[in-house]
Amino acid sequence: MDPRGLRTRLTGASCTACGTAIPVDRIVILADRGDFAFVELQCDCGSRTMGLVLAAPDQDAPILDTADHPELDPATAARLASRPPIGEDDLLAMHRLLAGWTGDLRTLVDGDADRRAG
């Protein structure tokens, strides 16, 4: 059940667990409603992911909702991808900050200068 050839057009979709590309023969179209479809991605690592595919203006490029960060716009995702990963020093610095913090989360995130770690 793949009259629009979605499986082939989703070639290169990556596993949400390990990041490797899902082979086309392990992409299952569960339901296709024209403007959207439900798919299952079965990775060789054993992970199974349900996904929603949306029709895009460019019919050759459907949009799969299993992107690394689907909540981010492309510019933000690119900016974050260029940053180094969080390391042990970052974790220890945050631990020290939070150990002395006396404010609430809102003042911590908003950067209220009157509420500093002690």
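Just so it is clear, the structure is predicted and the values come from calculations on it, not from any experiment.

What follows is about the overall build of the chain. Helix and strand counts for the chain come out as four helices and four strands. Here the analysis covers contacts within the chain between residues at least 6 apart in sequence; of these, 27% occur between residues at least 24 apart.

Within a regular beta strand, the side chains point alternately toward one face of the sheet and then the other, so they alternate between its two faces. Most of strand β2 (residues 36-42) sits inside the fold, with five of its seven residues counted as buried. Both β2 and strand β3 (residues 48-54) contribute to a ladder of seven bridges, which runs antiparallel. If you follow Leu 41 over to β3, its bridge partner there is Thr 49. Between β2 and β3, which pair antiparallel in sequence order, lie five residues; one of them, Gly 46, sits at a positive phi of approximately 105°.

Quick look at the state of the cysteines now. One pass over the structure, following the stated rule, counts zero disulfides. Cys 15 forms no disulfide, and the closest cysteine sulfur to it belongs to Cys 43, at a distance of 3.7 Å.

This part covers the pattern of salt bridges. What the rule picks out here adds up to two salt bridges. The closest approach of N and O atoms between Glu 40 and Arg 48, which form a salt bridge, is 3.7 Å.

On to the confidence of the model for the chain, then. Chain-level statistics for the chain give a pLDDT mean of 79 and a share of 75% at 70 or above. Within the chain, no element has a lower average pLDDT than strand β4 (residues 63-64), which sits at 66, and none a higher one than helix α3 (residues 88-99), at 92.

Here is what the cut-offs are and how they apply
- Residues numbered from 1 in each chain as written.
- Predicted model: local features only at pLDDT ≥ 70, side-chain atom pairs only at ≥ 80, totals over all residues.
- Heavy atoms only, no water.
- Helix = DSSP H or I, 4+ residues; strand = E, 2+ residues; numbered from the N terminus.
- Contact = heavy atoms within 4.5 Å.
- Buried < 20%, exposed > 50% of the residue type's maximum accessible area, 1.4 Å probe, protein only.
- Pairing = 2+ DSSP bridges.
- Disulfide = S-S within 2.5 Å.
- Salt bridge = Lys/Arg side-chain N within 4 Å of Asp/Glu carboxyl O.
- pLDDT = per-residue confidence, 0-100.

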